[in-house]
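The primary structure of each chain is shown beneath.
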Amino acid sequence: MDAEGLGWLLVPLHQLVSWGAAGAMVFGGVVPYIPQYRDIRRTQNAEGFSTYVCLVLLVANILRILFWFGRRFEAPLLWQSVVMILAMLLMLKLCTEVRVASELNVQRRVFAAADNKDEARAPPRRSYLDLEPRHFWRWSRFGDYVQCVLAFSGVAGCVTYLSLDSALFVESLGFLAVLTEAMLGVPQLCRNHRHRSTEGMSIKMVLMWTSGDTFKTAYFLLNGAPLQFSVCGLLQVLVDLAILGQAYAFTRHPLKPAPHAAHPASAKAL
């Protein structure tokens with residue numbers, strides 16, 4: 001009787017824990033970006049955050065959704081991709097607005113310093129249709145990012161639809177999706193290395209990356225997710241730890257400012 005009563009209690013408890021873990025998987029991935037989003041809105045400066053992080057996550061999650069059509073995996077992982085895509089579009093919208101406003105303010109200050117009576121002109125508009133590699137992913141309108149994402153989704157979707165019968169293609173697609181996501185922190189890692197500084201980067205965001213990726217990898221292992229997920233989850237944790245190592249090293253040994261250094265606002269992230 002006691003065993004039956006205990007079983008009656010454990011079954012709903014196990015179900016509740018499963019729902020909680022699934023909810024954490026769906027929404028936990030976007031939580032690390034909340035401190036960074038708030039910092040950018042508060043300071044009106046997006047230079048410390050690499051928007052290539054958004055590019056990596058958009059590509060990775062679009063490919064993961066396409067992989068689902070070839071090899072079904074758990075629904076929380078699918079919905080996590082949808083939520084992450086929406087979150088990254090919001091980050092891009094904010095970063096684009098802040099960057100364009102900052103460029104206009106810089107031009108106004110230059111005109112004012114030169115005592116020029118003409119009104120400061122808006123920065124030249126950059127569009128993804130210009131096909132200029134040096135301006136890639138640094139466009140002037142949020143709509144250009146949306147069009148680029150839709151174009152990539154359409155092309156990738158057509159190729160996937162025509163190749164769903166190939167097991168090699170489907171497995172390669174899954175590996176490419178999670179490998180791209182595993183490279184999430186690399187743009188930030190490279191930016192920090194190039195500037196020898198982590199100024200403008202939210203340490204809270206990276207700590208949440210690390211804890212979230214650790215939880216996610218454990219979830220993959222315990223729930224028997226495809227092998228690609230587990231391997232690339234471990235790689236993500238290693239990249240997160242490398243970024244935390246940079247933060248520690250650059251704080252202990254900050255780069256000495258060079259004479260006549262440019263204004264920090266002119267520094268460009270990846």
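What counts and how
Residues numbered from 1 in each chain as written. Predicted model: local features only at pLDDT ≥ 70, side-chain atom pairs only at ≥ 80, totals over all residues. Heavy atoms only, no water. Helix = DSSP H or I, 4+ residues; strand = E, 2+ residues; numbered from the N terminus. Contact = heavy atoms within 4.5 Å. Areas by Shrake-Rupley, 256 points an atom, 1.4 Å probe, with all protein chains shown as cover. Patch = residues over 30% accessible without salt bridge, like charges linked within 9 Å, V, L, I, M, F, W, Y side chains within 5 Å. Salt bridge = Lys/Arg side-chain N within 4 Å of Asp/Glu carboxyl O. Buried < 20%, exposed > 50% of the residue type's maximum accessible area, 1.4 Å probe, protein only. Arc of directions from axis to C-beta. 1 Å grid on protein atoms, 1.4 Å probe; cavity = no way out; pocket = protein on both sides within 12 Å on 5 of 7 lines; lining within 4 Å. Points joined across faces, edges and corners; volume = space filled by probe spheres on them. Axes fitted to C-alpha atoms, helices over the stretch in contact; angles between N-to-C directions. Parallel < 35°, antiparallel > 145°, perpendicular 65-115°, else oblique. Left-handed = near helix turned anticlockwise from the far one by under 90°. Nonpolar A, V, L, I, M, F, W, Y, C, P; charged D, E, K, R; others polar.

Draft legend 1. Here's a closer look at the overall build of the protein. When you go through the protein residue by residue, the secondary structure sums to nine helices and zero strands. Taken from the N to the C terminus, the helices and strands of the protein come in the order α-α-α-α-α-α-α-α-α. Taking all contacts inside the protein whose residues are at least 6 apart in sequence as the whole, residues at least 24 apart take part in 75%. When the accessible surface of the protein is split by element, carbon and sulfur atoms take 68% of a total near 15,700 Å².

Draft legend 2. Layout of a nonpolar patch on the surface. Taken together, the side chains of Leu13, Leu16, Val17 and Trp19 present a nonpolar region at the surface, about 450 Å² in accessible area. Looking at the secondary structure, you find Val17 in helix H1 (residues 2–28).

Draft legend 3. Local environment of helix H7 (residues 186–195). Looking only at H7, the buried set comprises Pro187, Gln188, Arg191 and Asn192. When H7 is viewed along its axis, its buried side chains cluster within an angular range of 135° and face the same direction. Where the residues of H7 are buried, they touch helix H3 (52–70), helix H8 (203–222) and helix H9 (227–252). Two residues or fewer after H7 comes Arg196, characterised by a positive phi angle close to 50°.

Draft legend 4. Representation of empty space enclosed by the protein. Tallied over the entire structure, the rule returns one cavity of 30 Å³ or more. As for the largest cavity, its lining consists of Arg64, Val178, Glu181, Lys216, Phe220, Phe229, Cys232, Gly233 and Gln236. Taken together, the elements giving at least two residues each to the lining of the largest cavity come down to helix H6 (167–182), H8 and H9. It is H9 that contributes the most residues to the lining of the largest cavity, four residues altogether.

Draft legend 5. Fine view of the packing of H3 against helix H5 (residues 142–163). At a minimum axis separation of 10 Å, H3 and H5 run at an interaxial angle of 30°. The orientation of H3 relative to H5 falls into the category roughly parallel. Judged by the twist between their axes, the crossing of H3 over H5 is right-handed. Between H3 and H5, the residues in contact are Leu58, Val59, Ile62, Leu63 and Leu66 and Val149, Phe152, Ser153, Ala156, Gly157 and Thr160, respectively. In terms of residue class, the contact of H3 with H5 is built from eight nonpolar, three polar and no charged.

Draft legend 6. View of the pattern of salt bridges. Under the criterion given, the structure shown has seven salt bridges. A salt bridge links Arg141 to Asp144; the nearest nitrogen and oxygen atoms lie 3.6 Å apart. By relative accessible area, Arg141 is classed as partly exposed at 35%. Taking the relative accessible area as the measure of exposure, Asp144 reaches 1% and is therefore buried. In this structure, Glu181 engages Lys216 in a salt bridge whose closest nitrogen and oxygen atoms are separated by 3.0 Å. Of this pair, Glu181 sits in helix H6 while Lys216 sits in helix H8, placing them 35 residues apart in sequence. On the basis of relative accessibility, which here comes to 6%, the residue Lys216 falls in the buried class.

Draft legend 7. Inspection of helix H2 (residues 33–43) at higher detail. Every buried residue belonging to H2 is among Tyr33, Pro35, Gln36 and Ile40, and all of these are buried. Mapping the buried residues of H2 onto a view down its axis gives an arc of 160°, with all of them on the same face. Counted as exposed and oriented over 90 degrees from the buried face of H2: Arg38, Arg41 and Arg42. One or two positions beyond H2, positive phi appears at Gln44, with a value near 55°.

Draft legend 8. Just the packing of H7 against H9, in detail. For the pair H7 and H9, interaxial distance at closest approach is 10 Å and the crossing angle is 20°. It follows that H7 is roughly parallel to H9 by the angle criterion. The crossing of H7 and H9 is left-handed. Listed contacts from H9 to Val186, Gln188, Leu189, Asn192 and His193 of H7 are Val239, Ala242, Ile243, Gln246 and Phe250. Its residues placed into classes, the contact of H7 with H9 shows six nonpolar, four polar and no charged.

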